[in-house]
Structures are given as C-alpha cells and as structure tokens.
Amino acid sequence: MDNSIENKIILITGASSGIGYATAKWLAKCGAKVALVARRQDKLTTLQREIHRTGGHAHTIQADITLNTSHQYIIEQTVKHYGHLDGVFNNAGTLGNFVPLLQQSEVDLELTLLTNFKAIWLAVQAQANYFKSSGGGAIVNTSSWLSDGALIGSTTYSASKGALDAFIRPAAIELSQFGIRINNVSPGGISTEMTRQAFNHDQSALDKFAAQHPLKRLGTSVEVAHLVSFLLSNHATNITGQTIHIDGGYAIPGQR
C-alpha cells in the first residue's frame, strides 16, 4: 500500500469503469480522499458505496468532460467538499468509432478528438490555474500505446492519444514554475471493456493479442492504478513531462 498518497485529495475522471474505477478504489484504499467524476450518477454511486464500505472517502460529481463549462465546475465541487485539491487523474476517454479509416466520418474524428484531447486540454488548463494559486499539484492523464502503435480501426483514436503525448512535454516545462507536475500513463493491452470492444469481443483475437506481449498476458486495471498512484504521490516529485508505458513490453519493437 502506498502511504505517500495518504490524505491527499485526488480527482478522477472516467471513474465509473475500467482503469478509473480501479484507480479510485486503490487510491481510497491507500488513504486518499477521492472525487469521482463521470456522466452516469448510478455508476458513481455504486463505486462510492463500495469505497465507503471499506472505510474510504469518496465524493461524486456527475459531469460531462466534453463540455468546456464542466472543468471549473468539477474543481469547484471538489474543493467545496474537501477544502482543497492535490492531484488529478484525467482518465475519461472514448474508443470512438473503431473502424477502418475509409469507414470513418468527419464526425467520428471530431468526437474522438474532442473527448480524448480537447477535453483534456481544457481540463489541464483549469486544473493548472487552480494549482498555480494553491501552491502546486500533480496531474496524470491516460494516453495509450496506440499513440505510437496501430490496430486496424485506430486512426482517430491513435491521433487523439498522439496529440496528448505531444502536449505533455511543453506543458510540463511551462507548468513546472508553478510547482505543477504533469505526466501521462500509456497502457498497452489491459483487460477492460474498452479493449474487448476494440477487438469486437472476439476472444480468440484477444488471446492472440495477449500472447504477443512479451509478458504473455494482458495487464490489469489495478496495475495501471499502482502506476498512477505513484505518479501522484510524494515518491514521484522529480518526474514530469513523461509518457510512461505500462504495456507488458508490447510497444518494444523487434522480432516476435
């Protein structure tokens, strides 16, 4: 358990499922107080109850990150409930219309970029303004191995995550003067509903994909949660501007 995160106030978007859900539970288990953000209140309430049953602290905020008015509201609601904010995990995202390029539309591109990049850009801007006035903080975003890899159907998704990876480096340089650290985690094949959706729930294709990882398996949401917790903690105070792969070695080029 990571005691260096204890008593920190952490905001998590996309908390209602997958990596966000696992990270919220892990951070709460480690003693952090979490603000849970997603569009579906019923999912958030279920997670909140699970955290409270184990003695953790969780507050829910129903919001849509694709609306530019949401980001200041989310921060205000977190600070109103907990008093301040120490760190953020910008995890909400979309797979988009995961079909070949020639089957995609301009709307598909716009919606994927809106959710996976523009909304994160707006979120980080609002969060950084808060941390600038509060004395600093840590921000972690969810990228993907598909920012520098590929699957059939991933053109818009890969582009959106590639933009996020390019963004992180100048953002880190600019924000460091305010005591703000910002990093990306870049999951590979993780056993989540989004991964299953990318493979059209074809178990044989998923098994083949898992076997192609050097570690011969898909990763878990909890493993990603451990990395996020570290990057938000006092153990990672000299790490900023990085996109850190957590992919079982899948993104390493070379012979398979």
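Caption draft 1: The packing of aromatic side chains, seen in detail. All told, the structure shown has seven aromatic pairs when counted by the stated rule. Geometrically, the ring pair formed by Y130 and F131 is edge-to-face, given 5.6 Å between the ring centres and 65 degrees between the ring planes. On the accessibility criterion, Y130 (16% relative accessible area) is buried. Here W145 and Y250 contribute two aromatic rings whose centre-to-centre distance is 4.8 Å and whose plane-to-plane angle is 75 degrees, an arrangement assigned as edge-to-face.

Caption draft 2: Structural context of the sheet that holds strand β5 (residues 137–142). Read from one edge to the other, the open sheet built from seven strands follows the order β3-β2-β1-β4-β5-β6-β7, with strand pairing classed as parallel. The open sheet has two free edges, formed respectively by β3 (57–62) and β7 (243–246), since each of these has just one partner strand. Looking at each pair of strands side by side, their axes are set apart by 20 degrees on average, direction ignored. The sheet contact formed by strand β4 (residues 87–90) and β5 spans four bridges and is parallel. Bridging across to β5, N90 finds its partner in N141. Sitting on the sheet, helix α8 (residues 221–232) touches β1 (9–13), β4, β5, β6 (180–187) and β7, and the angle it makes with β6 is about 165 degrees.

Caption draft 3: Seen up close, the pattern of salt bridges. Within this structure, the stated rule accounts for four salt bridges. Between D42 and R40 there is a salt bridge, with the nearest N and O atoms lying 2.8 Å from each other. The partner of E193 in a salt bridge is R196, with the nearest N and O atoms 3.5 Å apart. With E193 and R196 both in helix α6 (residues 193–198) and three residues apart, this pair spans about one turn of that helix.

Caption draft 4: Spatial organisation of the side chain of T156. Here T156 shows up in helix α5 (residues 155–175). Sequence-distant contacts of T156, that is, excluding residues within four places in its chain, are made with Q104, L109 and T112.

Caption draft 5: Geometry of empty space enclosed by the protein. Evaluation of the coordinates by the stated rule reveals one cavity of 30 Å³ or more. Of the volumes computed, that of the largest cavity is approximately 70 Å³. If you trace the largest cavity, you find it lined by L11, T13, I65, H71, I74, I75, N90, A119, I120, A123 and Q127. Elements with a contribution of two residues or more to the lining of the largest cavity: β1, α3 (70–82) and α4 (106–134). The element best represented in the lining of the largest cavity is α4, accounting for four residues. Partitioned by chemical class, the residues of the lining of the largest cavity number seven nonpolar, four polar and no charged.

Caption draft 6: Here's a closer look at unusual backbone geometry. At N7, a residue that is not glycine, the phi angle is positive and equals roughly 70 degrees. Considering the arrangement of structural elements, one finds N7 in the segment before β1. Positive phi values are uncommon outside glycine, yet K216 reaches one of about 65 degrees. Note that K216 resides in the loop between α7 (203–211) and α8.

Caption draft 7: The arrangement of the environment of G20 in detail. Looking at the secondary structure, you find G20 in helix α1 (residues 18–29). Residues G20 and A92, spaced 72 residues apart in sequence, show a C-alpha to C-alpha distance of 7.6 Å. When residues no more than four places from it in sequence are discounted, the contact partners of G20 are I12, G14, A15, F89 and N91.

The rules behind each value
Residues numbered from 1 in each chain as written. Predicted model: local features only at pLDDT ≥ 70, side-chain atom pairs only at ≥ 80, totals over all residues. Heavy atoms only, no water. Phe/Tyr/Trp six-rings, centres within 6.5 Å; stacked < 30°, edge-to-face > 60°. Buried < 20%, exposed > 50% of the residue type's maximum accessible area, 1.4 Å probe, protein only. Pairing = 2+ DSSP bridges. Helix = DSSP H or I, 4+ residues; strand = E, 2+ residues; numbered from the N terminus. Axes fitted to C-alpha atoms, helices over the stretch in contact; angles between N-to-C directions. Contact = heavy atoms within 4.5 Å. Salt bridge = Lys/Arg side-chain N within 4 Å of Asp/Glu carboxyl O. 1 Å grid on protein atoms, 1.4 Å probe; cavity = no way out; pocket = protein on both sides within 12 Å on 5 of 7 lines; lining within 4 Å. Points joined across faces, edges and corners; volume = space filled by probe spheres on them. Nonpolar A, V, L, I, M, F, W, Y, C, P; charged D, E, K, R; others polar.

Remember that the coordinates give geometry; whether it matters functionally is a separate question.
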